[in-house]
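# Structure assessment
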Amino acid sequence: MLELTNHMEFEMKSCFTPNLNNSHTLTVLNVTPSSVIIQMNNPNCRGVFPLDSFQYWIKKGSLVHINDIDKKTS
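This part covers the sheet that holds strand β5 (residues 63-65). The 5 strands are arranged β4-β3-β2-β1-β5 in an open sheet whose pairing can be described as antiparallel. Every other strand in the sheet has two partners, leaving β4 (46-50) and β5 as the edge strands with one partner each. Strand-to-strand, the axes of this sheet are offset by a mean angle of 35°, without reference to chain direction. Examined bridge by bridge, strand β1 (residues 9-12) and strand β2 (residues 25-31) share 3 bridges and lie antiparallel to one another. Bridge pairing in β2 links E11 to T25.

This part takes up the pattern of salt bridges. For the coordinates displayed, the defined rule picks out 1 salt bridge. For K13, the salt bridge goes to E11, with nearest N and O atoms at 3.3 Å. Look at K13 and you get partly exposed, because its relative accessible area is 32%. For E11, a relative accessible area of 25% puts it in the partly exposed group.

Of all hydrophobic cores here, the largest spans 17 residues; its most connected members are L4, F10, F16, L26, I38, F54 and L63. Of all the secondary structure elements, the ones that give two or more residues to this core are β1, β2, β3 (35-40) and α1 (51-60). Broken down by element, the residue count for this core peaks at 4 residues, all from α1. Excluding residues that lie within four positions of it along the chain, L63 makes contacts with F10, E11, M12, F16, L26, F54, W57 and I58.

Quick look at α1 now. Where α1 is concerned, the buried positions are L51, F54, Q55, W57 and I58. Projected onto a plane normal to the axis of α1, the buried residues spread over an arc of 155° and lie on a single side. Among the exposed residues of α1, those pointing more than 90 degrees away from its buried face are D52 and K59. Lining the buried residues of α1 we find β1, β2, β3, β4 and β5.

Calculation criteria
Residues numbered from 1 in each chain as written. Predicted model: local features only at pLDDT ≥ 70, side-chain atom pairs only at ≥ 80, totals over all residues. Heavy atoms only, no water. Pairing = 2+ DSSP bridges. Helix = DSSP H or I, 4+ residues; strand = E, 2+ residues; numbered from the N terminus. Axes fitted to C-alpha atoms, helices over the stretch in contact; angles between N-to-C directions. Salt bridge = Lys/Arg side-chain N within 4 Å of Asp/Glu carboxyl O. Buried < 20%, exposed > 50% of the residue type's maximum accessible area, 1.4 Å probe, protein only. Core = buried A, V, L, I, M, F, W, Y, C linked by side-chain atoms within 4.5 Å. Contact = heavy atoms within 4.5 Å. Arc of directions from axis to C-beta.

This is the structure in structure tokens:
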């Protein structure tokens, strides 16, 4: 399980169904023991996910941590 911290950025794949605004990336604004507050690259769009649900999307490959992408291309 990826340990989430504030300011982490994720690329959203097309299989990320909660992406109603067709954004390409999102940023984690705040992580609590039970939830994750995010902001999509559209500045007017924020959301809150249960922590378990957000981790599910990461495990499924629908959200890819930007640093993971950088490591794969270097």
